[in-house]
Amino acid sequence: MSLCPECFNGADHTGHDFNMFRSHAGGACDCGDVNVMKPEGFCTKHGKRETTAKAVPADVTNTARLVISKLITRFVFYLRSKHQEWLSSGGSDTFSLEDGENLLALLHDLSALGVVIRTIISEALNCQESYAKEFLASPDQPDSHTMNLMAIHCQEQYRKAKEELPAPQPKFYGVQVCGRGGDQTVRNHWRCGYECVQSSDGLSLSDTLNHTTALQEILFWAVKYEFPEKITTWLLAILPDENFKEEFTKAFVDHYTRIATSLIKCKGNDQRQRVSNKVVHVSVQLFSNEVYAIRMTAERQLLTRMVVSLYSMLGSNLIQSSVTVLGATASLHRVLDCSNDIIKDHCFWPLISDLVNIMSHKPVALVFMENSLLLDIWFEMVGFLQGMNLNERELMQHVEYETDTYYASFSAEFEISCSPLWRLLLHCTDSSTNSHVVTVLRKIMESLKVWFENSGLSRVPAGSAKVNEYQVSFHLPLHRYFAAFLCTAILHDGFFPKEELSVEFLELLIVHPLQIQVAFYEIFAQMWVRNGLQIRGQAMTYTQCHFCNSLIDLDLYLLQVGCSYLNADYFINTVLKAFHVEHWNLPIEASSSRENIETHQDESMLEGALTTLAMLLCIRTYSGESTSDIMHSEIVTLLCMSDRTYSQLCDSIPEKSGSNNPPADLKLYLQEVADYNAPGFNASGKLQQGTYSPKPEIWLKQFDPLHIMLRTVHRREFQQAMDRYTEFVHNSKTFPQGQTPWPPLRIPDRPLKAYSGLYDMLHSRSLLTFCFNLLHKKLNSKISTVTEPSLYMVIFFMQLIVHEMEPDTQMVGSAMASSWFPYGTVMENLIHTIGTVTVHIPSSRRDKEQRRDTMMDVEETGVEQNIQTMFSSHTNLFGTEMVRLLQMGRDSRSTPGALATPAPVVAVASSSSNTSLSRDVDVTLSESLVSLLMKLHNRLSDKEGSYVPISISKRKPDYSTLVGDGPFFVGRVLDTLSSKSTKCAEAIEKTYEALKPKLEADSNSNSSKKKKKAQDRQKRLLDKMNKMQNKFMDKIEKTMSKEDFEKLTEAELPEDNYIVIEHYECSICSSTTPSTMERPMGMVSLLQSTCVMNFARSEPNAKKLPLADEQPTSSELFSDYYRRAQARLDHMFAGKQDNTAALEADRSIGVFTQSCGHYLHLDCFKAYQESVTVQSRQRQNLTGDEYHCPLCRQLANALLPILPTGSDLPVVVTAPDDTLQCLKDIGAMLNHKPFKWPSEPFYKELNVVTMGMRSNAMGNINKYTQAGNPYEVAQFLISVARCNLDYAVLYETNGISVPSRKSSTAHLLGALSQSILKLHGQGAEALDLLSQLTSVEFHPSASTSSLVLHQGAVPLLLRDPISIFLQLYLRMPPHLSLGYFERLVSAVYNLAFVQALFHVSCKFNEDERQSWVTRGMRKPSFSSDVCQLNDKPGSRRSSDVPYSNRLSISIEASSNRRWSQSTEKVSPGTRMTRSAVVGGRQRGNLSPNSEPPTQHGLADMEQLLQTIITQLTTIRFYPSDDTRVSFLECSVWSPQSIECFVQRRCLSYLEFVAILKKHVYNVPLPERPAGCPNTEISCSEVIHFALQDCQQWFTGLAKYLGLCRAEEISDSPSAQSLDWAGQDSHSIVKGWLNFIMTSKERSTIKSYIMDNRRWYTPRLLELPTQYDAIFQFYRKMKCPLCKRPPVSPSICLICGAFVCFKEVCCVSQSGVAHSKACGSGTSVVLDINASIVAIIRGKRATLWGSVYLDEHGEEDRDLKRGRPLYLCKERYQMLEQQWLSHNFDYVCKRWIFHSDQL
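Basis of the calculations
- The numbering scheme is per chain: residues are counted from 1 as the chain's sequence reads.
- Given that this is a predicted model, residues contribute local features only at a pLDDT of at least 70 and side-chain atom pairs are listed and counted only at 80 or more, while totals for whole chains, interfaces and linings are drawn from all residues.
- Heavy atoms from the whole structure form the basis of all side-chain values; hydrogens and water molecules are not counted.
- By definition, any uninterrupted DSSP run of H or I lasting at least four residues is a helix, any uninterrupted run of E lasting at least two residues is a strand, and each is numbered from the N terminus.
- Each residue's exposure class comes from its accessible area (1.4 Å probe, protein chains only) as a fraction of the maximum for that residue type: buried when under 20%, exposed when over 50%, partly exposed otherwise.
- Contact criterion: two residues are considered in contact whenever any of their non-hydrogen atoms come within 4.5 Å of each other.
- Classification of ring pairs rests on two measures: the distance between centres of Phe, Tyr or Trp rings, Trp counted by its six-membered ring, which must be within 6.5 Å, and the angle between planes, read as stacked under 30 degrees, edge-to-face over 60 and tilted in between.
- Ring-over charges, as used throughout, are those where CZ of Arg or NZ of Lys falls within 6 Å of the ring centre and within 35 degrees of the ring normal.
- The set of buried Ala, Val, Leu, Ile, Met, Phe, Trp, Tyr and Cys residues whose side-chain atoms join them within 4.5 Å is what this entry labels a nonpolar core.
- A pair of strands is labelled paired if DSSP reports no fewer than 2 bridges between them.
- Helix axes use the C-alpha atoms of the stretch in contact, all axes being lines fitted to C-alpha atoms, and the angles between their N-to-C directions lie in the range 0 to 180 degrees.
- Patch membership is restricted to residues that have no salt bridge and whose relative accessible area is over 30%. Joining uses 9 Å for like charges and 5 Å for the nonpolar side chains Val, Leu, Ile, Met, Phe, Trp and Tyr.
- For every accessible area listed, the method is Shrake-Rupley and the probe measures 1.4 Å; residues are considered covered only by the protein chains on display.
- Take a side-chain nitrogen of Lys or Arg and a carboxyl oxygen of Asp or Glu: if they are within 4 Å of each other, that pair is a salt bridge.
- What makes a crossing left-handed is the near helix being turned counterclockwise from the far one by less than a right angle; a clockwise turn instead makes it right-handed.
- A helix's residues, less one, multiplied by 1.5 Å, set its expected span.
- Between 65 and 115 degrees an angle is taken as roughly perpendicular, under 35 as roughly parallel, over 145 as roughly antiparallel, and anywhere else as oblique.
- Between N or O atoms, a polar contact is any pair within 3.5 Å; within protein, one atom must be a potential hydrogen donor and the other a potential acceptor, and residues adjacent in sequence are included only when both atoms are from side chains.

Engineer: A description of the overall build of the chain should follow, citing residues and the corresponding values.
Structural biologist: Secondary structure assignment for the chain yields 72 helices and 34 strands. A total of 1798 residues make up the chain; the buried ones form 55% of that total. By sequence separation, contacts in the chain at least 24 residues apart represent 77% of the contacts at least 6 residues apart.

Engineer: Any chance you could break down the packing of aromatic side chains for me, citing the residues and the numbers?
Structural biologist: In this structure the tally under the stated criterion is 65 aromatic pairs. Ring geometry for phenylalanine 75 against tyrosine 78: centres 6.5 Å apart, planes inclined by 25 degrees, an arrangement best described as stacked. Of this pair, phenylalanine 75 and tyrosine 78 both sit in helix H3 (residues 58–81), three residues apart, which is roughly one turn of the helix. Summarising the burial analysis for this pair, phenylalanine 75 and tyrosine 78 share the class buried. Here the aromatic residues Tyr406, Tyr407, Phe410, Phe414, Phe474, Phe520, Tyr521, Phe524, Tyr542, Phe547 and Phe579 are joined through ring pairs into a cluster of three or more. Positioned over the ring face of phenylalanine 1552 is arginine 1282, at 5.5 Å from the centre of the ring. The side chain of lysine 1557 reaches across the aromatic face of tyrosine 1600, ending 4.4 Å from its centre.

Engineer: I'd love a proper account of the nonpolar core, names of residues and values included.
Structural biologist: Counting residues in hydrophobic clusters, the biggest one holds 282 residues, and the most contacted among them are Trp378, Phe482 and Phe485. The biggest single contributor to this core is helix H38 (residues 788–803), with 11 residues. Aside from chain neighbours lying at most four places away, what touches phenylalanine 482 is Leu441, Ile444, Met445, Leu448, Leu501, Phe505, Leu509 and Leu558. Listed in part, the 141 residues of the second largest apolar core include Val1084, Leu1329, Leu1330 and Cys1546.

Engineer: Got a sec to walk through the pairing of strand S24 (residues 1198–1201)? Specific residues and values, please.
Structural biologist: Strand residues, when the strand is regular, have side chains that alternate between the two faces of the sheet. With burial as the criterion, each face of S24 is covered, one bearing Ala1198 and Leu1200 and the other bearing Leu1199 and Pro1201. Here strand S20 (residues 1081–1090) pairs with S24 via four bridges, running antiparallel. Within S24, the residue paired with methionine 1083 across the bridge is leucine 1200.

Engineer: A description of the sheet that holds S20 should follow, citing residues and the corresponding values.
Structural biologist: Picture the strands of a sheet paired through backbone hydrogen bonds; they go either parallel or antiparallel. With antiparallel pairing, three strands are arranged side by side in an open sheet as S21-S20-S24. The sheet terminates laterally at strand S21 (1150–1161) and S24, the two strands that pair on one side only. Ignoring strand direction, the axes of neighbouring strands in this sheet form an average angle of 40 degrees. Contacting S20 and S21, helix H55 (residues 1270–1294) crosses the sheet at an angle of about 85 degrees to S21.

Engineer: Would you mind going over the pairing of S20 in detail, with residue names and values included?
Structural biologist: Here S20 lies mainly inside the structure; 10 of its 10 residues are buried. Taken together, the nine bridges between S20 and S21 define a ladder with antiparallel strand orientation. Within S21, the residue paired with glycine 1082 across the bridge is leucine 1160.

Engineer: Quick rundown of a nonpolar patch on the surface? Include the residues and the values.
Structural biologist: On the surface, a nonpolar cluster with roughly 230 Å² of combined accessible area is contributed by Val56, Val60 and Val116. Within the secondary structure, valine 56 sits in the loop between helix H2 (44–47) and H3. Judged by relative accessible area, valine 56 falls into the partly exposed class, the value being 40%.

Engineer: A description of the sheet that holds strand S31 (residues 1740–1745) should follow, citing residues and the corresponding values.
Structural biologist: Taken in spatial order, the six strands line up as S28-S27-S29-S30-S31-S34 in an open sheet, and their pairing is antiparallel. Two strands close off the open sheet at either side, each with one partner strand: strand S28 (1698–1701) and strand S34 (1792–1793). As paired elements, strand S30 (residues 1732–1737) and S31 share five bridges and run antiparallel to each other. Paired with isoleucine 1735 across the strands is threonine 1742, a residue of S31. The strands touched by helix H69 (residues 1667–1674) within the sheet are strand S27 (1688–1692), S28 and strand S29 (1722–1727), with S29 carrying the most contacts at an inclination of about 90 degrees.

Engineer: Just give me the short version of the packing of helix H10 (residues 214–224) against helix H11 (residues 229–237), but keep the residues and values in it.
Structural biologist: Two numbers describe how H10 lies on H11: the axes approach to 10 Å, and their chain directions differ by 145 degrees. Handedness of the crossing formed by H10 with H11: left-handed. Contacts between H10 and H11 involve Leu215, Ile218 and Ala222 from the former and Ile231, Trp234 and Leu235 from the latter.

Engineer: Before we move on, could you go through the pattern of salt bridges and cite the residues and values that matter?
Structural biologist: In the structure shown here, the tally under the stated rule is 42 salt bridges. The partner of arginine 300 in a salt bridge is aspartate 254, with the nearest N and O atoms 3.0 Å apart. Here arginine 300, found in helix H15 (residues 290–300), pairs with aspartate 254, found in helix H12 (residues 242–254); they are 46 residues apart in sequence, far enough to count as distant. Ionic pairing is found between arginine 724 and aspartate 643, a salt bridge with its closest N-O pair at 2.8 Å. Of this pair, arginine 724 sits in helix H36 (residues 715–731) while aspartate 643 sits in the loop between helix H31 (627–641) and helix H32 (646–652); the two residues are 81 residues apart in sequence, bridging distant segments of the chain.

Engineer: For helix H23 (residues 477–491), give the residues involved together with the corresponding values.
Structural biologist: Here H23 is 15 residues long and its end C-alpha atoms lie 21 Å apart, about the 21 Å a rise of 1.5 Å per residue gives. Buried residues dominate H23, accounting for 14 of its 15 residues. Residue aspartate 493 follows H23 closely and has a positive phi angle near 55 degrees.

Engineer: Got a sec to walk through the environment of valine 1289? Specific residues and values, please.
Structural biologist: Note that valine 1289 resides in helix H55. Residues valine 1289 and glutamate 1551, 262 residues apart in the sequence, show an inter-C-alpha distance of 7.0 Å. Residues contacting valine 1289, with those up to four places away along its chain left out, are Glu1551, Phe1552 and Ile1555.

Engineer: Account for helix H28 (residues 552–565), naming residues and giving values.
Structural biologist: Taking 1.5 Å of rise per residue, 14 residues should cover 20 Å, and H28 covers 20 Å from first to last C-alpha, within 8% of that figure. Burial runs high along H28: 14 of the 14 residues are buried.

Engineer: Any chance you could break down the packing of helix H5 (residues 101–111) against H11 for me, citing the residues and the numbers?
Structural biologist: Pairs of packed helices are described in terms of their axes, by the angle between the two and the distance that separates them. Packing of H5 against H11 leaves a shortest axis separation of 10 Å and a crossing angle of 15 degrees. The angle between H5 and H11 falls in the class roughly parallel. The handedness of the crossing between H5 and H11 is left-handed. When H5 is examined against H11, the residues Glu101, Leu104, Leu107, His108 and Ser111 are found in contact with a partner set consisting of Lys230, Ile231, Thr233, Trp234 and Ala237.

Engineer: Hey, could you go over unusual backbone geometry for me, with residue numbers and the actual values?
Structural biologist: In this model, histidine 580 sits at a positive phi of 60 degrees, which is unusual for a non-glycine residue. Despite not being glycine, aspartate 942 shows a phi value in the positive range, around 55 degrees. For aspartate 942, a relative accessible area of 36% corresponds to the partly exposed category.

Engineer: Describe the environment of alanine 1281, naming the residues involved and giving the relevant values.
Structural biologist: Looking at where alanine 1281 falls in the secondary structure, it is placed in helix H55. In this structure alanine 1281 touches Leu1309, Leu1312, Leu1366 and Leu1370, once residues within four positions along its chain are discounted.

Engineer: So what about the side chain of serine 981? Which residues, and what values?
Structural biologist: Within the secondary structure, serine 981 is located in the loop between helix H45 (966–980) and helix H46 (982–995). By relative accessible area, which is 8% here, serine 981 ends up buried. Within the local environment of serine 981, its side chain forms a polar contact with the backbone nitrogen of lysine 983, the two atoms lying 3.2 Å apart.

Here you go:
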């Protein structure tokens, strides 16, 4: 069922499971069709149709009928006329219907006009009279329609076309039977039956087509022309008309055989795929309707047409089978040729798809199973697949050419055979279909018997049939049909095998499935390695999840049936013989009878045989397990191997029907067995999808290693599951650490009664003998190694035997091993001690050649002499079967737990002749299964007497857990045996007493003794080392006096008088050295352009993704503010070159530097670059200066040079305490000539880095690249420093950290400083800035006198303090002392403080300004002022004060009370003038012995604010009408609010310089209060705790930067941090205000000042929760340039622009162009049609992943699964963080060069 988007969105589908997909070939919407969906699911349009519709008048439709009839007639003639062109083109892709597109477009438009027109079109297409009149009349008839020569020509083309497209004529091969007595005639036993049904109701399957309507002929031409898309979509558009749909279905069925012919004639795989898709697209619309499917099957033999068409297609591609049976003639069977293009291109796929589609209707499936003729045709066709793609093992040399046909053969069997099989069985769910199942079973048995005859398997004597062991085919569809229907029959009690199956048939039935199992293990034992990788691919496909239910599971089921109804001893020996491991079933050393087999291969085959037997006993997929239990086991198996996503589980669960739909109750199963792991990220930032992992109890109760072996191909997959199991039991402390548990093989439930014979294997003497010999070899053999997997399988068999054993359980099968186990019950045989046995050893072919020289006469010399002669003359006894004399009794210590028994006697008896190839050997064992198990327990425990019987230890056996190692499981077997029988318990106790060690001292194992010796040796070494250390310390004390030692330890050098020389390790030469002048070092760095900070926002909320045509305006971005501010400065200071320097840095052209933290010598780096060849760079996708770090392989493009250090370098002494002298020293540093000490290689590399910065800046930096303007170059370098420090502040304040990245800020600042110092004349401007800041006069040197100073260009009050600080700091010499740094910070802070006061004064109204002027002129005694305000007679009361000022006054009063209390404590002598006191702290000329006052910060702020207001009021700077504000708009400015405003305005500066100090001087930052806000708030919004947190953060930064002392406390920390260096602060502020007082642009200045704000962190767009909202809005959006919907519509998640991704027609709208314009070469793009985020970085691009996941936490790339997607906030936050941190280059690994094509 499919719905169009309009109908789907118009209906309620809550709780429904659906998939969304994009249809590229059109189709019909099923909404409104009651045969497809229920009426309650209809949309509002189809669900509310009027019951009675008014008929359209005939006179209205007559014209339409006439026109449409003529159009259809013209269209039919057009199709006929194109036949000659079709023949000329050869049916290739060059043929088209372009000249008829106008006519087709008109027909499309007419069919879209509504129901009435569609009905008229349907009538015109199905009108037989009109067709006969227009197309069938002869030109020689006088009354016929006039036909011109063109019509006659078209009629001839129509006749030829029908002859060129005949119906298929299948060649029925019948069944060729060749008996043992000779050849019989070929009998076609159902040819006559097929000919009898060739005609029914006048219809023929092979006659020439006779069209009676225009619809039939149009469909014929559609088939002929390989279903042109426009014709197909037009016909499908009319399908909603019921009459048309019925007639179209009939016509399609009539042409079905021609469709098969058309598919065969297609040329090339691509053409076949296109035609196949179009055929299925039409047929699925017709045959999904059960009513039409049943009707077409009954009336038009639809089933017969399909089966015959498929038979004809496959039957034309047969070859003779090469399967050989030893002793039989050549095979007469014919198989499918898998190398044919029809099979390789899956030409049969549309026919099979339609057949499976109609078989989904139960009535049709029952008709198929009832029709004997169809079953005969079908199973003969299935027989074509029997034994196809035969593989022959290469023994001598590697195969020359590896074919690629194996997957085509598997696909052919799965689609042709298995898909219809499971579709038929889908309807056989109860006993009502038993008769149908039995009918099919008997047909399959007949086909199998015929195949046995034709292949030669049944033409040899019974019991001697042997297939060629060097041949294998994985394709046995007849066997698997028989297995599937037999399982269904037994399940519903409709068929009992004992009544129908003969022993001879079963023996033949298991031959080939067993051969496949043997070949499977041979392939992975490297025995087919000369056949190439394709044979391994076949074995992997055989067990693949999509095929295993239909292949290996059914093969194992057939073997289970054979095991249930054949003799147990016969079956076990057959399996051992097939695996060639019968030599392991001997108690002596013997090699395999197979030639050229290695030891490890022999061991692998033994493991395969044991595993196969264990699977036959335990796997219940088809032998009794319910469907829910099977699903449960499959899910547990998949999850135990690895954690999986929901889609991986859906894809990996074995399927039977061929559909990809997940089980309906899969979610319920997952809730029972699995825990959900939400999507996350690994340590490197790689995205992880939501996965499911097993619950803890699953590992303990349901982990089934045997089922995992069945579902895995490689041993490593099983080992992976075991590793997970081991990790769990270790972590849960259910098993000790350091030990490896055995696989917990579980005892299965008993099978159904029909398979009860499976457990006869456990009661057979052959299995007991096999287990005995393997245990015996494990304990005694020195040559044959029983591996641990084989060992735990043997122990598992013993556990099964004991578990199913009762005291009276009888042995089954023959007495072939009665000499080993003579008793009739299993219990007695388990405890029976085997004495001397005779072993029959068949010799190999090599043994025959060796025996010519080694034959001995046993009768003359006797047994003992013969044995001595053979051992003395030959190393191998009987060729490869060497008999080893067991020496268990001679040395009991060699094998722990061995009994001291006499040496075994081995006797060799010869046959009647010397040419015999076999020998009989008598071996004395003196062992029982119980004794072997107890000795094995001792061996595995490495301790004698390790197992204590429960009868002695009085313990209770614990059967609740299966977690344990080898001794645990062996002991479990012995415990179970003891509890089952008293007799067994006594035997075990006797054996224990015999094996019990004589002395208690002997109980210590060899490992315990070795451990004790190692501990003693370690103790002696430690004692010796302690003695040597004490001796050394005594010598030191004697040679050095106590005073010298104390002087040595207490001596300290002054911290500021030397430079710490840092050492760096070169990642190439691994030497650790400092960066010196002779050999400088550099830091591996990556330079990239950035403009992330350009998207800083003025509001906290991110911009929402536009989902409508009109969107509300969003918050302002920093880029808008910067352009506006720059325009204002350019307006006020036209032509000044320092306008850019006065602003904040231009964040659109930033260059960000990051590093992996590794260092290289410059010379090592150059050698490394020279060693990387061009080819290597191309393989690594490197361009330009890019390279990979030699150590971590991270991408880099620069080597940031590190300033050299050494003893001969200039050292900056400690800054003086006198601030004025400190400023003079700074001036001298700025006026000094650039240092010349860095070496030439350093400067050369520095120039390379500088040029790299310029080339990486993506913006307009033409002014920065002017070589003749050092000022502009210096400004660019300063902007680079500002950019990196801004991002450092961003990362610090937002807690963004990248573990794989190390800070390179300090080295970057050093390199930038050196680059600026090399520029001529940079000191004069810095001196000018410092002089304006401090009012200290500095004299520039002669070298800078020629530079024009920039005084008066942009006043300081309009400049950015951070920019000023960087201009000063980067012109200072390297290794600047911390005292000078803090002096610079303080000087610039004064400016930031005054700017804040200037800003807040502009916010005052007239009354507030007057009030603050009055406050500034008051005396410092604030308490008296407050008292006068409140208590003075005649003063205004609070009720008399205007309401707008009441809050201000009350706040002032409460605040001033606190200030007055603290002020009164200060003595008058300590109060000094404001020019010498900063916040009560004595600076400059104050005596160092005087006690500084503490509470005068507020007075400073008031007086400075009074000075600013007074100066600006005199020039009428403030508007006079600002008092006319409404009551709601008024603000109340108290001292607290002003303090808070100033702190917030200055915080950005303090945070910036604090981050710089942290990186340069490596001093940790103070802790930021959690509640400190990041934005500006007005005084009416001040909250006490917010103010307190902000003040705490401000105070912490001020103390961190040395602006105030830690012990000082003030209510105005901002004013307390001022330091004017002994200068008059009012004079300095008045000097700063001079320009503003003389400027005419007062309104512009005020707007510029008022526009200052704090910015929020950049954010990506805010996305909707459901992805469907984005998809529906943007999928049809057109490009704004070309006005066409792009192929890949995309959205930029940074700015929200619509991008034509992967388009080249709109260059300006392409993804690459947008990345340059929007993100300086970096863009984050969401592909709408793929739900994937793509990253464009410079010349590269990559797929980041999806931020939209389904309900199970999975991506749906390209929307292939069509699941509803929801926003994953964690992923989106990670994407945003990686964008902010510039981490895409490090996280994303798969980059490609986009070549400007995105």
